[in-house]
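# Commentary on secondary and tertiary structure
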Amino acid sequence: MDYLPHEHYAVGVNGFVFDVDKSSVDNADIVKTADGSYHMIYHSRTAVAKIIDVDATGKKMQIDVGGEMFVIDIRDELDQMLEKMGFHSVAGKHIREVKAPMPGLVLQISVVEGQQVNEGDKVLILEAMKMENSIMIPTSAVIKKIMVNAGQAVIKGQVLIELE
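The structure reproduced in this document is the subject of the present report. Each residue is numbered by its place in its chain's sequence as written, counting from 1. At least 70 in pLDDT is required for a residue's local features to be given in this predicted model, at least 80 for side-chain atom pairs to be given and counted, and no such filter applies to totals for whole chains, interfaces and linings, which use all residues. Note: side-chain values were computed over all heavy atoms of the structure, leaving out hydrogens and water.

## Some remarks on the pattern of salt bridges
Using the following cut-off: For salt bridges, the criterion is a side-chain nitrogen of Lys or Arg within 4 Å of an Asp or Glu carboxyl oxygen. Strands are runs of DSSP state E lasting at least 2 residues, helices are runs of H or I lasting at least 4, and numbering of each runs from the N terminus. Exposed residues in this analysis have more than 50% of their type's maximum accessible area, buried residues have under 20%, and partly exposed residues fall in between, with area computed by a 1.4 Å probe over protein chains only.
Overall, the coordinates contain four salt bridges when judged by the stated rule. In this structure, aspartate 76 engages lysine 59 in a salt bridge whose closest nitrogen and oxygen atoms are separated by 2.9 Å. Taken together, the positions of aspartate 76 in the loop between β7 (68-75) and α2 (77-84) and lysine 59 in the loop between β5 (45-55) and β6 (60-65) put the pair 17 residues apart, joining distant regions of the chain. Accessibility expressed as a relative area gives 8% for aspartate 76, which makes it buried. A salt bridge links lysine 60 to aspartate 73, with the nearest nitrogen and oxygen atoms 3.8 Å apart. One end of the pair, lysine 60, is in strand β6; the other, aspartate 73, is in strand β7, and 13 residues separate them in sequence. Residue classification places lysine 60 among the partly exposed residues on the basis of a relative accessible area of 40%. Taken together, the salt bridges that share partners define one network made up of Lys60, Asp73 and Arg75.

And the structure:
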């Protein structure tokens, strides 16, 4: 399937985490049916799933498979890297800076100084390893100062944006 931009995902399903790579998804036979559900065949096993709810920003969804509900949490390579760096545990903390999680090139800045942003808002796009990575803010804040410009190369850990 051409819609998967990354090679490896950590997929949480009802509290369990599975490692899923792009080739596994590519080898699955997934067909959208007329009623909007999906018929899947993988390793000679079949299932019919219907998407109930999608939170694209949080990369979460709720699906129904044969009357059983599943909460799916999808974390791509960047999400996993940010989690390892401690960005997943910022709830209730006051963050003063947004730093580059990896070296790359700033492609686009999506905020302006003085702007109020909410948890999960995209603040900029960083190109790294030939992939465009949306950098989301982990908490609600006000943009104090933008430290980089579009087109600028950055190093890992460099301060991109200061927050109030």
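## Brief notes about the nonpolar core
For soluble globular proteins, nonpolar side chains are generally found buried alongside one another. For clarity, the threshold we go by: As used here, the term nonpolar core means buried Ala, Val, Leu, Ile, Met, Phe, Trp, Tyr and Cys residues forming a set that is joined through side-chain atoms within 4.5 Å. Contacts: residue pairs with any heavy atoms within 4.5 Å of one another.
The biggest cluster of nonpolar side chains holds 23 residues, and the ones touching the most others in it are Ile161 and Leu163. Of all the elements in the fold, those that place two or more residues in this core are α2, β11 (122-128), β13 (141-146) and β15 (159-163). For this core, the element with the most residues is β11, which contributes four residues. Setting aside residues up to four positions removed in sequence, leucine 163 forms contacts with Ile95, Arg96, Glu97, Val98, Ile137, Ala141, Val142, Ile143 and Lys144. Counting seven residues, the second largest nonpolar core, distinct from the first, contains Tyr9, Val13, Ala49 and Phe70.

## Remarks on the pairing of β15
Counted only if it meets this: Any two strands between which DSSP finds at least two bridges are classified as paired.
The pairing of strand β8 (residues 97-99) with β15 spans three bridges and is classified as antiparallel. The residue of β15 that forms the bridge with valine 98 is isoleucine 161.

## Things to note about the side chain of serine 37
Rules: What qualifies as a polar contact is a pair of N or O atoms within 3.5 Å, subject to a donor-acceptor requirement within protein and to the restriction that residues adjacent in sequence count only when both atoms come from side chains.
On the secondary structure map, serine 37 appears in the loop between β3 (29-32) and β4 (38-42). Only 2.6 Å separates the side chain of serine 37 from the side chain of aspartate 35, close enough to count as a polar contact.

## So, the sheet that holds β15
The pairing of strands in a sheet happens through backbone hydrogen bonds and is either parallel or antiparallel. Judged by pairing direction, the sheet is antiparallel, and its four strands sit side by side in the order β8-β15-β13-β10 without closing on themselves. The sheet is open, and its two edges are formed by β8 and β10 (116-117), each paired on a single side. When β13 meets β15, the two strands line up antiparallel, connected through three bridges. Looking at β15, one finds that isoleucine 146 is bridged to isoleucine 161.

## Thoughts on the environment of aspartate 73
C-alpha of aspartate 73 to C-alpha of glycine 15: the two residues are 58 residues apart in sequence and 9.0 Å apart in space. Within the structure, aspartate 73 has its side chain in polar contact with the side chain of arginine 75 (distance 3.3 Å).

## Let's talk about the pairing of strand β12 (residues 131-136)
On a regular strand, one side chain projects to one face of the sheet and the next to the other, so that they alternate. Burial along β12 is one-sided: the face carrying Met131, Asn133 and Ile135 is buried and the face carrying Glu132, Ser134 and Met136 is not. Pairing of β11 with β12, which is carried by six bridges, proceeds in the antiparallel orientation. Across the sheet, leucine 126 pairs through a bridge with asparagine 133, a residue of β12.

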